[in-house]
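Geometric and topological summary
Letter by letter, the chains look like this.
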Amino acid sequence: MIDTTFGVALTLGQFTLGQFTLGQGDLPAPMSGITLYHYLFTASTMFVLGLIGFLTRRNLIVMFLSTELMFQAAGIALIAFGRFHMNQTGDAFVIFVLTVAAAEAALALALIVLLFRRKETLDGQAWASMKG
Amino acid sequence: MTDFLPTLLTLASEPVAAQVGPVGFAALKEVSLSAPLAAWLIPGLPMLGAVLAVLMAIGGVKSKLPAWTTVLCLAGSFAVTLWLYLQMRDAGAAYTTVKLFDWISFDYLPGKAFVANFSLYIDQLTCLWMLFVTGLAACIALYASEYMSHDVGPGYCRFFFAFCLFVFSMACLVMGDNLLLLYLGWEGVGLCSYLLIGYFYAKPSAVAAAKKAFIINRIGDLGLALGIMLTFVHFGTIQFAELLPKVEQYVALATSGNLAAVPASVQWIAVLFTLAAFGKSAQLPLYVWLPDAMEGPTPVSALIHAATMVTAGVYLVARTMPLFQCGAVTVPPDAWVLPGLVVPALDIVVWGGALTALLAATIGMAQFDIKRIMAYSTVSQLGFMFVGVGLASSYAGAFHVFTHAFFKATLFLSCGAVMHGFGGQLDLRKLSGVMWMKGWLVVGLAMLVGCLNLAGFPFTAGFFSKDVILAEAFSNPHQRVVAWILLVTAGLTAYYTFRVFFRVFLGPKSFEPGDEAHGHNDAHGHDDRAHDGAGHGHGAKGEHGAKGEHGAKGEHGVGEKGAHGAHDQAFQPHAPGWAINLVLAVLAIGSLVAAYAYPTKWVKGLVEKSSAAAVDLTGSAAHAPATLLGMDPHEIMYYVSAGVGAVGILVAFFLHYLGRKTAATSRADAIKLGALQRGAQHKWYVDEFYDATVRVPLKVLAHVLHFLDKVLVDGLVNLAGLLPRGLGMSLRPSQGGELHGYALAMACGIAVLALVALFSLV
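Residues numbered from 1 in each chain as written. Chains lettered and ligands numbered in written order. Predicted model: local features only at pLDDT ≥ 70, side-chain atom pairs only at ≥ 80, totals over all residues. Heavy atoms only, no water.

A few words now on the overall build of chain B. Scanning chain B from terminus to terminus reveals 27 helices and 7 strands. Scored against the burial criterion, the 762 residues of chain B give a buried share of 56%. Residue pairs in contact within chain B that sit at least 24 positions apart in sequence constitute 81% of those at least 6 positions apart. (Helix = DSSP H or I, 4+ residues; strand = E, 2+ residues; numbered from the N terminus. Buried < 20%, exposed > 50% of the residue type's maximum accessible area, 1.4 Å probe, protein only. Contact = heavy atoms within 4.5 Å.)

Secondary structure assignment for chain A yields 4 helices and 0 strands. Sequence-ordered secondary structure for chain A, helices as α and strands as β, is α-α-α-α. Per-residue burial for chain A yields a buried fraction of 27% across its 132 residues. Long-range pairs, those at least 24 residues apart, make up 60% of the contacts in chain A with a sequence separation of at least 6. Total accessible area computed for chain A in this model is approximately 8600 Å², and 71% of it derives from carbon and sulfur atoms. (Areas by Shrake-Rupley, 256 points an atom, 1.4 Å probe, with all protein chains shown as cover.)

So, about the interface of chain A and chain B. Taken residue by residue, the interface counts 15 residues in chain A and 12 residues in chain B. Here chain A packs against chain B, burying approximately 1200 Å² in sum over the two surfaces, 66% of which is carbon and sulfur. Taken together, the connections running from chain A to chain B amount to 0 salt bridges. Where chain A meets chain B, there are 2 residue pairs in polar contact (both at pLDDT 80 or more). Put simply, the parts of the chain that give the side of chain A that touches chain B at least two residues each are helix 2 (36–56) and helix 3 (60–84) of chain A. When the residues that make up the side of chain A that touches chain B are grouped by side-chain class, the tally is 7 nonpolar, 5 polar and 3 charged. (Buried area = accessible area lost by both parts, 1.4 Å probe. Salt bridge = Lys/Arg side-chain N within 4 Å of Asp/Glu carboxyl O. Polar contact = N/O pair within 3.5 Å; in protein donor to acceptor, adjacent residues only side chain to side chain. Nonpolar A, V, L, I, M, F, W, Y, C, P; charged D, E, K, R; others polar.)

Residue and element names in this part refer to chain B. Over its 32 residues, helix 7 (residues 204–235) runs 46 Å from end to end, which matches the ideal 46 Å to within 8%, given 1.5 Å per residue. Ile219 marks the point of greatest bend in helix 7, at about 30°. Note on helix 7: the residue one or two positions beyond its end, Gly236, has a positive phi of about 75°. (Expected span 1.5 Å × (residues − 1). Bend = angle between axes of the 7 residues up to and from the residue.)

This part is about the nonpolar core. Within soluble globular proteins, side chains that are nonpolar tend to cluster in buried spots. By size, the foremost hydrophobic cluster in this structure holds 230 residues, and its most contacted members are Ile122, Trp129 and Leu136 of chain B. For this core, the element with the highest residue contribution is helix 4 (residues 124–147) of chain B, accounting for 18 residues. Filtering out sequence-adjacent residues up to four positions away, Trp129 of chain B remains in contact with Met170, Val174, Thr311, Val314, Tyr315, Ala398 and Val401 of chain B. Grouped together as the second largest cluster of nonpolar side chains are 11 residues, Leu60, Phe64, Ala105 and Ala108 of chain A included. (Core = buried A, V, L, I, M, F, W, Y, C linked by side-chain atoms within 4.5 Å.)

On to the environment of Glu187 of chain B. Residues and elements named next belong to chain B. The residue Glu187 is located in helix 6 (residues 179–197) in this model. Sequence spacing of Glu187 and Asp369 is 182 residues, and the spatial spacing of their C-alpha atoms is 29 Å. In contact with Glu187, not counting residues within four places along its chain, are Arg218 and Asp221.

Residue and element names in this part refer to chain B. The 3 strands lie next to each other as 1-2-3, forming an open sheet whose pairing is mixed. On the outer flanks of this sheet lie strand 1 (29–30) and strand 3 (112–122), each paired with one strand and no other. Relative to strand 2 (residues 94–109), strand 1 runs parallel, the two sharing 2 bridges. Counterpart to Glu30 in the pairing with strand 2 is Tyr95. (Pairing = 2+ DSSP bridges.)

Our next topic: unusual backbone geometry. All names here are of chain B. Leu284 connects to Pro285 through a cis peptide bond whose omega is 0°. Among the secondary structure elements, Pro285 is positioned in the loop between helix 9 (264–280) and helix 10 (289–292). Not every positive phi belongs to a glycine, and Ala392 is a case in point at roughly 60°. As for its position among the elements, Ala392 is in the loop between helix 15 (370–390) and helix 16 (394–421). Classification of Ala392 as buried rests on a relative accessible area of 19%. Despite not being glycine, Trp684 has its phi angle at roughly 55°, a positive value. Exposure remark for Trp684: the relative accessible area of 30% places this residue in the partly exposed category.

Counted under the stated rule, the structure contains 15 salt bridges over all chains. Among the ionic pairs, Asp123 of chain A bridges to Arg58 of chain A, the shortest N-O distance being 3.0 Å. Of this pair, Asp123 of chain A sits in the segment after helix 4 (89–119) while Arg58 of chain A is found in the loop between helix 2 and helix 3, placing the two residues 65 residues apart along the sequence. Residue classification places Asp123 of chain A among the partly exposed residues on the basis of a relative accessible area of 21%. When the shortest N-O distance is used, the salt bridge between Asp102 of chain B and Lys99 of chain B registers 2.6 Å. Its relative accessible area of 44% is what places Asp102 of chain B among the partly exposed residues. Connected through shared salt-bridge partners, Lys212, Asp292, Arg372, Lys683 and Asp687 of chain B make up one network.

Our focus in this paragraph is the packing of helix 18 (residues 461–475) of chain B against helix 19 (residues 480–505) of chain B. Residue and element names in this part refer to chain B. Orientation of helix 18 relative to helix 19, taken along the N-to-C sense of each, is 155°, at an axis distance of 8 Å. Considering their axes alone, helix 18 and helix 19 lie roughly antiparallel with respect to each other. In the crossing of helix 18 with helix 19, the sense of the turn from one axis to the other is left-handed. In this structure, helix 18 uses Lys466, Ile469, Leu470, Ala473 and Phe474 to contact helix 19, whose residues at the interface are Arg480, Ala483, Trp484, Leu486, Leu487, Ala490 and Thr493. Its residues placed into classes, the contact of helix 18 with helix 19 shows 9 nonpolar, 1 polar and 2 charged. (Axes fitted to C-alpha atoms, helices over the stretch in contact; angles between N-to-C directions. Parallel < 35°, antiparallel > 145°, perpendicular 65-115°, else oblique. Left-handed = near helix turned anticlockwise from the far one by under 90°.)

All names here are of chain B. Mean pLDDT over chain B stands at 83; residues scoring 70 or higher make up 86%. Here residues 12–18 is modelled with pLDDT under 50, and outside its nearest four sequence neighbours on either side it reaches 6 contacts, counting other chains as well. In the predicted complex, the global pTM is 0.75; the interface-specific ipTM is 0.73. (pLDDT = per-residue confidence, 0-100.)

Before going further, it helps to examine the confidence of the model for chain A. Residue and element names in this part refer to chain A. In this model, chain A carries a mean pLDDT of 81, and residues with pLDDT of at least 70 account for 75%. Scored below 50 in pLDDT, residues 21–25 shows 5 contacts in the model against residues more than four places distant or in partner chains. With pLDDT under 50 throughout, residues 27–31 is counted as low confidence; its partners more than four residues away or in other chains account for 6 contacts.

Residue and element names in this part refer to chain B. Per the stated rule, a full pass over the model turns up 0 disulfides over all chains. With no disulfide of its own, Cys73 lies closest to Cys164 among cysteine sulfurs, the gap being 6.0 Å. Its relative accessible area of 8% is what places Cys73 among the buried residues. Here Cys451 stays free of any disulfide, with the sulfur of Cys415 as its closest cysteine sulfur at 7.7 Å. The class for Cys451 is buried, based on a relative accessible area of 0%. (Disulfide = S-S within 2.5 Å.)

Here it is, written out as structure tokens:
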């Protein structure tokens, strides 16, 4: 199963990011079975899951969780690229993203509490008064 | 008077002195004063007074303190002027410049500088002007301390602030050593005039009058500004001490009958200055603001609109006399209308003055408001002054300015005392026998002195100064018509002057109080307090005529205010207090003493030892002086003008003293001249004429332009605004307000971008 999954990821990854396969260094020996493509596949899967969650759910808190999922997916991709290029740029960036995400989470939850108090519902559809 | 007559007769037979040697600025030598910077106290002290008045306004002073500081500052200024005069008198024909600091001074090209500094130019003409400006200002400030007492508080401070600022501006105008400083003063006095005419700002007529004065003065000021620019362009300097010598060559051309050789730009300077002078000094066609300016408080009318500011135009002509002597309007010889016509600037001045004198005198004859009569008389007398300077005799003009300042201030202040005492009553039909009421004798006598001066009664100052102008006009063979116009005007002047005197001050005692007597007109400030004799220091309430005379109101009840109501019975005129009486007495005596300036040749000496002395254009051998009745006009004019004045006074006496014994306050004038009288009473419809020819077309034009602005300019702007608006309208439906709709759109957008990236990479 795992092999199949890796195989799909490998194929998809080679198809989309084929230019990065050669001459850019490779993952270190203990993880030699897992390439950049596996990480990217995980990240994109997480991202799409988050996107689907965001589009389909009406509860504001769940929608917010979905956005967090998309955030972390982006973080994984960044770290993977950082490792792939053998530098710390991605790591540093992710530290910032995490910080911002933490602050944003505090803010967003507070906002959701306020919105709930105003309308006594968590339904995102209730907030359509700004329509043009 | 006994030793006066022989002096006078010897003067009369004295031949016109032939001019020898340099004249005007060329005859002056430069001197320095013993303490030059002290001369700056003359404008400086009034400025200090203005600053103090502002500080007192901020501090909320509610006493007469601003008046006293003003009087002190102006008296100090007068004292310094006196010191300056004594210094200059000892120096003889001389001038001096006193620089305070650099104002504008820069090189606009290497070696070519534009210089206009805060610097004074002082010669004897300056001294003459500043003596009566500061002297009269100090007196009138004292008068105003009582006259404005109903307004003690912020209004009082405001009044004396503008008053001081006016004297400062006038000093800049008269003493400035360059045309730009003169222009600063010129605008400054205009501003103060505006502020003081509109002093009762809650009164629409006062505000309208202030605006009218300001706007009409702008027309004249445009002439001054253009003239100064032209002066600088041609001569490269606007400082008198550098400018006047440069003009001499052109004056020499003009005097030798070669006016055409003078460059056109030089010729035009004087013409533009004429426009400026006619605006400021209320001459045709710009005189209409001055009568309306009487909306201001009377001390203002006396100081600004009679004695000093309105003579600024005469001063300008006298000061720049050399420019005027070579100024002209020259029509090019190939023009299709009046080709080759040359009208000398001085002729424009003479004719403008003469026509204004006549027109204003005829209007003055038919007015009923005594202040307006005095205003028209001022316009008329200013016309005389312009004829004087226009005949290239600065002496004649300046002498009349000097004597007129005294007697017209006296007249105005007397009228003001009446207005103050009778609740704003100015209608000569509603006042009678004021002189005989208790406490009014000083006012009556001062009025009599003023009237005698204005009417040109023999041996008064006004008599001499008017005679000098008339004699100059009659001895000039080109100006016979003007001379006759002025002689007729002199007769009319005597008539309307004594019409006021006989009606208001003599005859049976009777009065009707003005509409301010009710004390409810806050705009005009006369509250009940002002008329409360006991609380106001006017111990004795003036007694007035039999109450029965109020009963006669019905027969003359066509007045503006039909119902005076029961208030009339309670109204008591309050006689003027010590300040008004003192100032009136001083000025009346001053206008009598001013007559001695003629036999002692005081003013003549001053003017001829200044830059204003003109090169004689007419006395050359080409033209023998004209004669009147076969004699030298200088000799015979005393008798002729005395006779004409006497006729005027006698006519007034018969019509307005003897002729109205039965109806003391009869509405009608004793003679009826039908349309002629109506025309004069309506000021010859000049205001209506201007309304129809200037105001209405301008208004129509303004409406047309406003329409164009609305349609074209605003249309373009609105079109530009419409574009983004339409775009927004078309995009509005996409904002559905559904959170998931936006999210979906975003996701689709990402998908599209991802696909684009995908296919571009492959």
